[in-house]
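What the coordinates show
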Amino acid sequence: MGKVNNNVPLEYSTEENNLKIFGFWVFLGAEIMLFGTLFASYFTLVDRTGAGPTGAEIFEITPVLIETFVLLTSSFTIGLAIHAMRIGSKKATISFMVITLLLGAVFLGVEIYEFKHYVHIGAGLSVSAFTSILLTTLGTHGLHVTMGLCWGSFIIFQIWKRGLNSVTAGKTFVFSLYWHFLDVVWIFIFSFIYLKGMM
Amino acid sequence: MKEFFAQFAIPHPSLLIYIAMASIVFGTIALVAVVTYFKLWGYLWREWITTVDHKKIGIMYLITALVMLFRGGVDAVMLRMQLAVPENTFLEAQHYNEVFTTHGVVMILFMAMPFITFFFNFLVPLQIGARDVAFPRLNNLAFWLFFMGMGLFNISFVIGGSPDSGWTSYFPLAGNEFSTSVGTNYYMIALQIAGLGTLMTGINFITTIMKMRAPGMTLFKMPMFTWSALIANLIIVFAFPVLTVALAMGTMDRLFATNFFTTVNGGMDMLWANLFWVWGHPEVYILILPAFGIFSEVISTFARRNLYGYTSMVWSMIVISVFSFAVWTHHFFTMGQGAFTNSIFSITTMAIAIPTGVKIFNWLFTLYKGKIEMTTPMLYAMHFIPLFTLGGVTGVMLAMSAADYQYHNTMFLVAHFHNVIIPGVVYAMLAGLTFYWPKMFGFMLNEKIGKATVWVMSIGFVLAFIPMYITGLDGQARRMYTYSDATGFSFLNMVSFVGAGIMTVSFIMIVWNIWYSFKNSPRDISSDPWNARGLEWATHTPIPHYNFAITPDVTDASEEAFWDSKKKGTQLFKGKIEDIHMPNNSGQTFVMSVFFFIAGFAFVFSMWYLAIFGLIGILACMAYRSLEDDHGYHIHAHEVEEDEKKHAQKGGAK
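Residues numbered from 1 in each chain as written. Chains lettered and ligands numbered in written order. Predicted model: local features only at pLDDT ≥ 70, side-chain atom pairs only at ≥ 80, totals over all residues. Heavy atoms only, no water.

Overview of the overall build of chain B
The helix and strand inventory of chain B stands at 20 helices and 2 strands. Computed over C-alpha atoms, the radius of gyration of chain B comes to 25 Å, within 12% of the 26 Å expected from 2.2 N^0.38 for 654 residues, which places it in the range of a compact globule. When the backbone C-alpha atoms are referred to their principal axes, chain B occupies close to 70 × 60 × 50 Å. Within the span of chain B, comprising 654 residues, buried residues form 59% of the whole. A sequence separation of at least 24 residues applies to 82% of the contacts in chain B between residues at least 6 apart. Element-wise, carbon and sulfur atoms account for 70% of the exposed surface of chain B, whose accessible area totals about 25200 Å². Once the 36 positive and 37 negative side-chain charges of chain B are each reduced to a mean point, those two points are 9 Å apart. (Helix = DSSP H or I, 4+ residues; strand = E, 2+ residues; numbered from the N terminus. Rg over C-alpha atoms; globule rule 2.2 N^0.38 Å. Buried < 20%, exposed > 50% of the residue type's maximum accessible area, 1.4 Å probe, protein only. Contact = heavy atoms within 4.5 Å. Areas by Shrake-Rupley, 256 points an atom, 1.4 Å probe, with all protein chains shown as cover. Lys, Arg positive; Asp, Glu negative; His and termini not counted. Charge placed at Lys NZ, Arg CZ, Asp CG, Glu CD.)

Spelled out as structure tokens, the structure:
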């Protein structure tokens, strides 16, 4: 556990947490490369539709707007959760975490609907290079959100059980970095896959 | 039922494969019997499998690397034997494809990678004066994931067939149409699992080096090997995710009929080549930079002089790491990207020779006016410099894209990359192994056998690979399982085979040396038998599991802290012994890796229920870890003091 420093936010108060937060930033560097590679592949394959549909033919604005709205809001609420954590309110931290995860779940629900729709209209995974990379890129992001939902629930459980201490605060903070990151990735997906595809 | 078992059968069996199978089965039975007979299961579990001690994890990497060196070596000898005479029938075409594929993968990913990871693990915390790595348990997980990936890859030729489309696994050759066995599934999934472990290592060591250096150790006071480790791990974190994506896409093409790399429905086979080499080229530098780090340590120690041009050494590595991401297209100059693109990549490729040349000159200037002591590690370094330079020069030849149309896919290329990788990486690893052997095991390897080994290895190397430059320029294609006598290649190929045989002898000599020294070497050596320079020699031998009783302080020392303490009397260990906090061992990481293995195996054979079982197992382990409360334990100051006294009596440092 190491020594506890009381002059900094709770999540930075131990040596171990400092290491974990730094390590997580490095991990996010790797994640940037992961999504960067997916985007590069997407741009390479976007016009290679074979006999399948193009993006303009299958993209629908309504579900995408809902997804964007709930995910951006969830990024705001996880920020509120961290703020609540900093002022030491366990109840508010848990509440905002729960709201964040609920919004994440709504996002995922809409995305699942969207995927079903794509398959239904003949834009399934194996139709063309374009549909393969489209669903893989979106799916990788969706998988990250799913992992986030599981991870976040475990953290809520721990805060509820053990209260706010350096361990749970560190975990919550790292989770918030992850969640913000997913939001940033989504902004790229929204702009360069959907908006560009619909133009 | 019959169909179910048919998929596990070897598609192209031969007598050799049956012999290998039998030896694996008997070997495993013998190993299990020995461990059971000596009641070692508990010891193995407590002291090794679940360990979070970076030194022990390092040694597990080392053992894996050495075993794989022999597996890949047997492949190499089989290849040379097949080509030794024209129209040979020792291997058939398909078997030859499988052997050169596994030779490449095993040597790069399951031999060279764990070998450098062994040095990261064993050396980095000692060199920076830390008690452990930043994430000890992640370190254990990283090893076991790597190990399970390695295991999965190696069972391929016993169950279901080996990958056969080259270590680069180019599509469409690696697609279902042309690679019909499950071999390429093994490739995709085994590399994925091992790659996850490597990425974890990368994150762990960047954090360790950035955050856990001893007081006073600024970045530009770090030992050269630690610098090389930092740069290599940064490259790992930026390059391996590209491989992750490429392998995932390749797996999906094979298992879920997606169209990433197909030749129909818009698929693009060249995308694989690009993604593979965007990872694959930096991978070369992940291997060679730590090798340079080891040579820097060895050369400055045995030239009895501090390293010439420390700062330029560091900057050249940084420049190399940036360039390494800008040259990938030179692996396929002939595949039609046009003259302009080829020119750009031609120039960036040649530019890498400049910082590399800087390093060569720095080593030469270190030797100049040094008091050279020709020990075994130094002999490796002395053989490395000219041989590696030859490899570098032929690399610049290959970098000329117009001329590459002549060399492409010939033995010239094979000669070139073996000429950089063997004297570069393998010699460095063996030099480092000999150099740090006393620190690990408390006795020296025999110098006479060691030096003889270096000479035998270099003679074998020159005979094995120099002829390939000539046959390559004459047009002998690589990856061809035979040739006709009329080509005139037969004599030089026979020479290569003889060279391969001599190299085999040198590797057997290493094993013999270890055995001989284990039996005969004196055990009363000090903790600094080479009169070396870095902080890693300031601990006792054997190293206590907390490394340093008191965290060293190098404020007053240079990058060669231990040397300063010996020559100038710099005080390294200030303050008094306090309680030491240590992490607990954990079996959960091993269990999780086993689930990875199960899931991976299930994916290879598309056994979806088993795959889901494996994935749920992985998630359950993660959930367990998330809820687990583990505070580690403390070694109390008086225990440390007693321990230190015991070590001091054995003649430790300080």
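Resuming the write-up.
Section: the overall build of chain A
Per the secondary structure count, chain A includes 6 helices and 0 strands. When the elements of chain A are put in sequence order from the N terminus, they spell out α-α-α-α-α-α. With respect to the three principal axes, the spread of C-alpha positions in chain A is 65 × 30 × 25 Å. Buried positions account for 51% of the 199 residues belonging to chain A. When contacts within chain A are restricted to residue pairs at least 6 apart in sequence, those whose partners lie at least 24 apart make up 79%. As presented, chain A carries roughly 8800 Å² of accessible surface, and 71% of it is formed by carbon and sulfur atoms.

Section: the interface of chain A and chain B
Between chain A and chain B, the residue contacts involve 32 residues of the former and 36 residues of the latter. The interface formed by chain A and chain B holds 1 salt bridge in total. Arg162(A) serves as the salt-bridge partner of Asp629(B), at 4.0 Å between the closest nitrogen and oxygen. Counting across the chain A and chain B interface gives 8 residue pairs in polar contact (both at pLDDT 80 or more). (Salt bridge = Lys/Arg side-chain N within 4 Å of Asp/Glu carboxyl O. Polar contact = N/O pair within 3.5 Å; in protein donor to acceptor, adjacent residues only side chain to side chain.)

Section: helix 10 (residues 310-323) of chain B
Residue and element names in this part refer to chain B. Here helix 10 contains 14 residues, and its C-alpha end-to-end distance of 20 Å stays within 8% of the 20 Å for a straight helix at 1.5 Å per residue. The complete set of buried residues in helix 10 reads Tyr310, Met313, Val314, Ser316, Met317, Ile320 and Ser321. The buried residues of helix 10 occupy one face: seen down the axis, they fall within an arc of 160°. Buried residues belonging to helix 10 abut helix 8 (224-255), helix 9 (269-302) and helix 11 (339-367). (Expected span 1.5 Å × (residues − 1). Arc of directions from axis to C-beta.)

Remarks on the pattern of salt bridges
Residues and elements named next belong to chain B. Per the counting criterion, the structure on display carries 13 salt bridges over all chains. Residue Arg625 pairs with Glu628 through a salt bridge whose shortest N-O separation is 3.7 Å. Here Arg625 falls in the partly exposed class, since its relative accessible area comes to 32%. For Glu628, a relative accessible area of 22% corresponds to the partly exposed category. By sharing partners, the salt bridges in this structure join Arg137, Arg625 and Glu628 into a single network.

Digging into the packing of helix 4 (residues 54-84) of chain B against helix 6 (residues 136-154) of chain B
Residues and elements named next belong to chain B. Here helix 4 crosses helix 6 at 15°, and the two axes come no closer than 10 Å. Judged on the interaxial angle alone, helix 6 and helix 4 are roughly parallel. The interaxial crossing formed by helix 4 with helix 6 has left-handed handedness. In this structure, helix 4 uses His54, Ile57, Met60, Tyr61, Thr64, Met68 and Arg71 to contact helix 6, whose residues at the interface are Pro136, Asn139, Asn140, Ala142, Phe143, Trp144, Phe146, Phe147, Met150 and Asn154. Looking at the contact of helix 4 with helix 6 residue by residue, the classes come out as 11 nonpolar, 5 polar and 1 charged. (Axes fitted to C-alpha atoms, helices over the stretch in contact; angles between N-to-C directions. Parallel < 35°, antiparallel > 145°, perpendicular 65-115°, else oblique. Left-handed = near helix turned anticlockwise from the far one by under 90°. Nonpolar A, V, L, I, M, F, W, Y, C, P; charged D, E, K, R; others polar.)

Here's the deal with unusual backbone geometry
Residue and element names in this part refer to chain B. Phe171 connects to Pro172 through a cis peptide bond whose omega is 0°. Here Pro172 lies in the loop between helix 6 and helix 7 (183-211). Here the bond from Thr541 into Pro542 is cis, since omega is -5°, no more than 30 degrees from zero. Structurally, Pro542 can be placed in the loop between helix 16 (490-520) and helix 17 (561-567). Of note in the backbone geometry, Glu87 takes a positive phi value of approximately 55° without being a glycine. Counting through the fold element by element, Glu87 comes out in the loop between helix 4 and helix 5 (93-127). Positive phi outside glycine occurs at Asn409, with the angle close to 55°. Here Asn409 lies in the loop between helix 13 (401-407) and helix 14 (411-441). Take Asn409: its relative accessible area is 32%, and that puts it in the partly exposed class.

Thoughts on the packing of aromatic side chains
By convention here, two paired aromatic rings are described through the distance between centres and the angle between planes. According to the stated counting rule, one finds 84 aromatic pairs over all chains in the structure shown. Aromatic side chains Phe292(B) and Phe388(B) sit 5.6 Å apart centroid to centroid with 90° between the ring planes, which places their arrangement in the edge-to-face category. Here Phe292(B) is found in helix 9, whereas its partner Phe388(B) is found in helix 12 (residues 376-399), with 96 residues between them in sequence. Grouping residues by exposure puts Phe292(B) and Phe388(B) together as buried. Through a chain of ring-to-ring contacts, the aromatic side chains of Phe39(A), Tyr42(A), Phe43(A), Phe59(A), Phe107(A), Phe130(A), Trp186(A), Phe188(A), Phe192(A) and Tyr194(A) assemble into a single cluster. If you follow Lys56(B) out to its NZ or CZ, it ends over the ring of Trp48(B), 5.4 Å from the centre. Positioned above the aromatic ring of Trp563(B) is the side chain of Arg533(B), whose terminal nitrogen or guanidinium carbon lies 4.1 Å from the ring centre. (Phe/Tyr/Trp six-rings, centres within 6.5 Å; stacked < 30°, edge-to-face > 60°. Lys NZ or Arg CZ within 6 Å of the ring centre and 35° of its normal.)

Structural notes on the packing of helix 9 of chain B against helix 14 of chain B
All names here are of chain B. Interaxial distance between helix 9 and helix 14 falls to 9 Å at its minimum, and their mutual angle equals 50°. By the angle class used here, helix 9 and helix 14 are oblique. The way helix 9 lies across helix 14 gives a crossing that is left-handed. Here helix 9 contributes Leu287, Ile288, Ala291, Ile294, Phe295, Glu297, Val298, Thr301 and Phe302 to the contact with helix 14, which in turn contributes Val420, Pro423, Gly424, Val425, Tyr427, Ala428, Met429, Ala431, Gly432, Phe435 and Tyr436. The residue makeup of the contact of helix 9 with helix 14, split by class, is 16 nonpolar, 3 polar and 1 charged.

Some points on a nonpolar patch on the surface
Residue and element names in this part refer to chain B. There is a patch of nonpolar side chains on the surface, built from Leu15, Leu16, Ile19, Met81 and Phe90 and spanning about 430 Å² of accessible area. A total of 3 residues in the nonpolar patch trace back to one element, the largest contributor, which is helix 2 (residues 15-37). In this fold, Leu15 is placed in helix 2. (Patch = residues over 30% accessible without salt bridge, like charges linked within 9 Å, V, L, I, M, F, W, Y side chains within 5 Å.)

Observations concerning the confidence of the model for chain B
For chain B, per-residue confidence averages 93 on the pLDDT scale, and residues scoring 70 or more make up 99% of the total. Interface predicted TM-score (ipTM) for the complex: 0.94; the corresponding pTM is 0.95. (pLDDT = per-residue confidence, 0-100.)

Considering the environment of Phe43(A)
Residue and element names in this part refer to chain A. Here Phe43 shows up in helix 1 (residues 15-45). The class of Phe43 is partly exposed, set by a relative accessible area of 39%. C-alpha separation for the pair Phe43 and Arg86, spaced 43 residues apart in sequence, amounts to 41 Å.

Some points on the side chain of His418(B)
Looking at where His418(B) falls in the secondary structure, it is placed in helix 14. Judged by its relative accessible area of 15%, His418(B) falls in the buried class.

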